[in-house]
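# Coordinate inspection notes
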Amino acid sequence: MPKTLRFPVLAVFLLITSALVACGPQDPMTAAIAERQNYDVRLSSWFEKRVEPMTEPATEPVAEQTAEPTEGTDAESPEPAIEEPLAEFEGETPEPAPAPAEPTSPTVVLDLVVIYNGYASLEGLTVEVEHVDAAQNEKATYREYLELGQMANAETRQVTIEVEDVDLAEGDAFSVSVPRVGEGESGEFPELPAG
């Protein structure tokens with residue numbers, strides 16, 4: 001083979017070999033991390049859901065009652081008990097009613113739109129919800145797992161999540177994103193394979 005023909009043949013061979021290696025099968029962790037990039041999550045709306053704590057109702061003692069004898073029962077059966085007056089009527093002061101409980105921190109309900117553009121969807125997706133104040137200073141970040149099931153290419157789904165115990169003030173805002181999986185963080189993402 002002439003020298004001038006050897007170089008292009010070798011170059012083509014190396015190019016094809018490297019392309020086959022690059023397109024080869026990926027390990028499951030790498031494939032799942034790459035698949036997360038095929039999701040786009042947007043915040044559609046949010047609102048505050050206040051849940052007032054329930055107070056326990058005051059319990060009053062119940063007087064003991066016995067059954068009265070019926071016809072045909074033994075004459076020596078015990079006499080019906082005479083009801084004793086309740087303690088609160090004997091001069092004892094009743095226990096004060098419990099004070100109403102403090103209102104709990106609000107729960108925030110977020111409506112999300114999930115768009116998938118791929119061909120090997122995951123069963124779910126971990127998203128990051130960022131909470132900022134009126135001056136756009138970060139107040140908190142929450143990670144939430146969305147159970148999505150299988151999605152087709154170009155499919156859009158609406159998902160609602162609730163974030164509890166939020167320190168909410170007037171002017172606060174929320175945003176949502178698909179966070180990057182950092183080194184050693186794979187255990188924090190339920191959609192990724194174990195290991």
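Just above sits the structure.
Right, let's walk through the structure included here. This one's a predicted model, so the numbers in the text were calculated from it and none came from an experiment. (Residues numbered from 1 in each chain as written. Predicted model: local features only at pLDDT ≥ 70, side-chain atom pairs only at ≥ 80, totals over all residues. Heavy atoms only, no water.)

### Comments concerning the overall build of the protein
- When helices and strands are counted, the protein shows two helices and six strands.
- Ordered by position from the N terminus, the helices and strands of the protein form the series α-α-β-β-β-β-β-β.
- Across the 195 residues of the protein, 23% fall into the buried class.
- Considering only residue pairs separated by 6 or more positions, the protein has 77% of its internal contacts joining residues 24 or more positions apart.
- Accessible area of the protein: about 14,500 Å², with a carbon and sulfur share of 54%. (Helix = DSSP H or I, 4+ residues; strand = E, 2+ residues; numbered from the N terminus. Buried < 20%, exposed > 50% of the residue type's maximum accessible area, 1.4 Å probe, protein only. Contact = heavy atoms within 4.5 Å. Areas by Shrake-Rupley, 256 points an atom, 1.4 Å probe, with all protein chains shown as cover.)

### What about the nonpolar core?
- By size, the foremost hydrophobic cluster in this structure holds 27 residues, and its most contacted members are Tyr39, Leu110, Val114, Leu146 and Leu148.
- Of all the secondary structure elements, the ones that give two or more residues to this core are α2 (28–36), β1 (39–49), β2 (107–116), β3 (124–132), β4 (138–147), β5 (155–163) and β6 (173–177). (Core = buried A, V, L, I, M, F, W, Y, C linked by side-chain atoms within 4.5 Å.)

### What about the sheet that holds β6?
- Read across the sheet, three strands follow the order β4-β3-β6 without closing on themselves; strand pairing throughout is antiparallel. Across the chains shown, the open sheet's two edge strands, defined by having one partner strand only, are β4 and β6. For this sheet the average axis-to-axis angle between neighbouring strands, irrespective of direction, equals 25°.
- Bridging between β3 and β4 involves nine bridges; their strand directions are antiparallel. What sits directly across from Glu128, in β4, is Arg143. (Pairing = 2+ DSSP bridges. Axes fitted to C-alpha atoms, helices over the stretch in contact; angles between N-to-C directions.)

### Some words on unusual backbone geometry
- You will see that Ala154, though not glycine, has its phi angle at about 70°, which is positive.
- With respect to the helices and strands, the residue Ala154 is situated in the loop between β4 and β5.
- For Ala154, a relative accessible area of 51% gives the class exposed.
- Of note, the phi angle at Asp165 is positive, near 55°, even though the residue is not glycine.
- Considering the arrangement of structural elements, one finds Asp165 in the loop between β5 and β6.
- Using a relative accessible area of 57% as the deciding quantity, one classes Asp165 as exposed.

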